Amino acid sequence: MNNTATGGDTLSETEKEGTGVETEQSGESSTESQDKKKRMFSKELRCMMYGFGDDQNPYTESVDLLDDLVMEFITEMTHKAMEVGRRGKVQVEDIVFLIRKDSRKYSRVRDLLTMNEELKKARKAFDEAIY
């Protein structure tokens, strides 16, 4: 492609984005910006991987892959939950409804919700005992 007045070959801005060539405006390539993507669960995933038998310091690529999978799962479940029940609002019951056929997830969610209620009651009783 001939983009300069002198006849030299250069890449357009859109071509630069696709190749990872550094752009003048942003100062970083698109592959660098993808690498700098905020990883929400990397610390927790590293601990979980270690707990399930991986190395204490697992490969960054493995953690990043799992983080992508977790974020994809959460995003899909959230979108589905927004379509179920009241449109545009996610409620606990919507998530429970979506996972009702997966017995392992369903029982784990029920256990966590029960534990959460017990903790709320214990905190309330503790706060009332202080005052």
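Small disclaimer: the values here were computed from a predicted structure and weren't measured.

So, how was this worked out
Residues numbered from 1 in each chain as written. Predicted model: local features only at pLDDT ≥ 70, side-chain atom pairs only at ≥ 80, totals over all residues. Heavy atoms only, no water. Helix = DSSP H or I, 4+ residues; strand = E, 2+ residues; numbered from the N terminus. Buried < 20%, exposed > 50% of the residue type's maximum accessible area, 1.4 Å probe, protein only. Contact = heavy atoms within 4.5 Å. Areas by Shrake-Rupley, 256 points an atom, 1.4 Å probe, with all protein chains shown as cover. Phe/Tyr/Trp six-rings, centres within 6.5 Å; stacked < 30°, edge-to-face > 60°. Lys NZ or Arg CZ within 6 Å of the ring centre and 35° of its normal. Salt bridge = Lys/Arg side-chain N within 4 Å of Asp/Glu carboxyl O. pLDDT = per-residue confidence, 0-100. Expected span 1.5 Å × (residues − 1).

1. Considerations on the overall build of the protein
Now for step 1: What the protein contains, in helices and strands, is six helices and zero strands.
Now for step 2: Start at the N end of the protein and walk to the C end: the helices and strands fall as α-α-α-α-α-α.
Now for step 3: By residue count, 11% of the 131 residues in the protein fall in the buried class.
Now for step 4: Considering only contacts in the protein between residues 6 or more positions apart, those separated by 24 or more positions represent 18%.
Now for step 5: By element, 54% of the accessible surface of the protein is carried by carbon and sulfur atoms, the whole surface being about 10900 Å².

2. Topic: the packing of aromatic side chains
Now for step 1: Per the stated rule, a full pass over the model turns up zero aromatic pairs.
Now for step 2: A cation over a ring is seen here: Arg100 above Phe97, with NZ or CZ 3.9 Å from the ring centre.

3. What about the pattern of salt bridges?
Now for step 1: Taken as a whole, this structure holds five salt bridges when the rule is applied.
Now for step 2: Across the salt bridge formed by Arg39 and Asp64, the nearest N and O atoms sit 3.5 Å from each other. Here the residue Arg39 occupies a position in the loop between α2 (30–35) and α3 (42–51), and Asp64 occupies one in helix α4 (residues 60–83), the gap between them amounting to 25 residues.
Now for step 3: We note a salt bridge from Asp102 to Lys105, for which the minimum N-O separation is 3.5 Å.
Now for step 4: Residue Lys105 is classed as partly exposed on the basis of its relative accessible area of 37%.
Now for step 5: A network of salt bridges, in which partner residues are shared, links Arg39, Asp64, Asp67 and Asp68.

4. Description of the confidence of the model for the protein
Now for step 1: Looking at the protein as a whole, its pLDDT mean stands at 79, while 73% of the residues score no less than 70.
Now for step 2: When pLDDT is averaged over each helix and strand of the protein, the minimum, 41, is found for helix α1 (residues 13–19) and the maximum, 96, for α3.
Now for step 3: With pLDDT under 50 throughout, residues 1–33 is counted as low confidence; its partners more than four residues away or in other chains account for 32 contacts.

5. Regarding α4
Now for step 1: For α4, spanning 24 residues, the distance from its first C-alpha to its last is 35 Å, which sits close to the expected 34 Å at 1.5 Å a residue.
Now for step 2: All of the buried residues along α4 are Val63, Asp67, Met77 and Ala81.
Now for step 3: Buried positions along α4 lie against α3 and α5 (92–98).
Now for step 4: Immediately beyond the C-terminal end of α4, within one or two residues, lies Gly85, with a positive phi of roughly 70°.

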